[in-house]
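Fold and geometry: a report
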Amino acid sequence: QVQLVESGGGLVQAGGSLRLSCAPSGRTFSMYAMGWFRQSPGKEREFVAAIISRDDNTYYADSVKGRFTTSRDNGKNTVYLQMNSLKPEDTAVYYCAAGLSNNPFKLSEYDFWGQGTQVTVSS
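Residues numbered from 1 in each chain as written. Predicted model: local features only at pLDDT ≥ 70, side-chain atom pairs only at ≥ 80, totals over all residues. Heavy atoms only, no water.

Strand order in this open sheet of 4 strands is 1-3-8-7, and the pairing throughout is antiparallel. Each edge of the open sheet is held by one strand with a lone partner, namely strand 1 (3-7) and strand 7 (68-73). Averaged over all neighbouring strand pairs, the angle between strand axes comes to 15°, with direction disregarded. Note that strand 1 and strand 3 (residues 18-25) share 5 bridges and pair antiparallel. Bridge assignment links leucine 4 to a residue of strand 3, and that residue is proline 24. (Pairing = 2+ DSSP bridges. Helix = DSSP H or I, 4+ residues; strand = E, 2+ residues; numbered from the N terminus. Axes fitted to C-alpha atoms, helices over the stretch in contact; angles between N-to-C directions.)

You will see that asparagine 77, though not glycine, has its phi angle at about 55°, which is positive. Position of asparagine 77 relative to the elements: it lies in the loop between strand 7 and strand 8 (78-83). Of note, the phi angle at serine 85 is positive, near 50°, even though the residue is not glycine. For serine 85, the location among the structural elements is in the loop between strand 8 and strand 9 (92-99).

What the rule picks out here adds up to 4 salt bridges. Between arginine 38 and glutamate 46 there is a salt bridge, with the nearest N and O atoms lying 2.7 Å from each other. For glutamate 46, a relative accessible area of 35% puts it in the partly exposed group. The shortest N-O distance in the salt bridge between arginine 67 and aspartate 90 comes to 2.7 Å. Linking arginine 67 in the loop between strand 6 (58-60) and strand 7 with aspartate 90 in the loop between strand 8 and strand 9, this pair joins segments that are 23 residues apart in sequence. (Salt bridge = Lys/Arg side-chain N within 4 Å of Asp/Glu carboxyl O. Buried < 20%, exposed > 50% of the residue type's maximum accessible area, 1.4 Å probe, protein only.)

To continue, consider the nonpolar core. Of all hydrophobic cores here, the largest spans 32 residues; its most connected members are Met34, Leu81, Met83 and Tyr94. Among the elements of the structure, strand 3, strand 4 (33-39), strand 5 (46-51), strand 8, strand 9 and strand 11 (117-122) are those that each provide at least two residues to this core. Those residues in contact with tyrosine 94 that lie beyond four places of it in its chain are Glu6, Leu20, Phe37, Arg38, Val48, Phe68, Leu81, Met83, Gly116, Thr117 and Val119. (Core = buried A, V, L, I, M, F, W, Y, C linked by side-chain atoms within 4.5 Å. Contact = heavy atoms within 4.5 Å.)

So this is what it looks like as structure tokens:
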């Protein structure tokens, strides 16, 4: 079983920043699409951002465009989610995911998931 481990979550005031890291183990994920999803109480898990391996093209949910940036460091086999200008509605458990499929927006297209890291934004 391939593991994805998220880190970098925590408590931050509105307007602040956090950087999440996803460090896969067991294999390299340089050829995988890497996605970020989040889930808050009472809501479905939703797409946040993704980076596609072939061209490093990035995709973002409308709610985070201009504030969040995802990137990858293949040398470290690590994917990052830089979150700026955080809002209370960004509060959620954030998950990284890896998959070889072509639709980065769908949860079902990802094969491997991390355990999640809590991000709490206070107002």
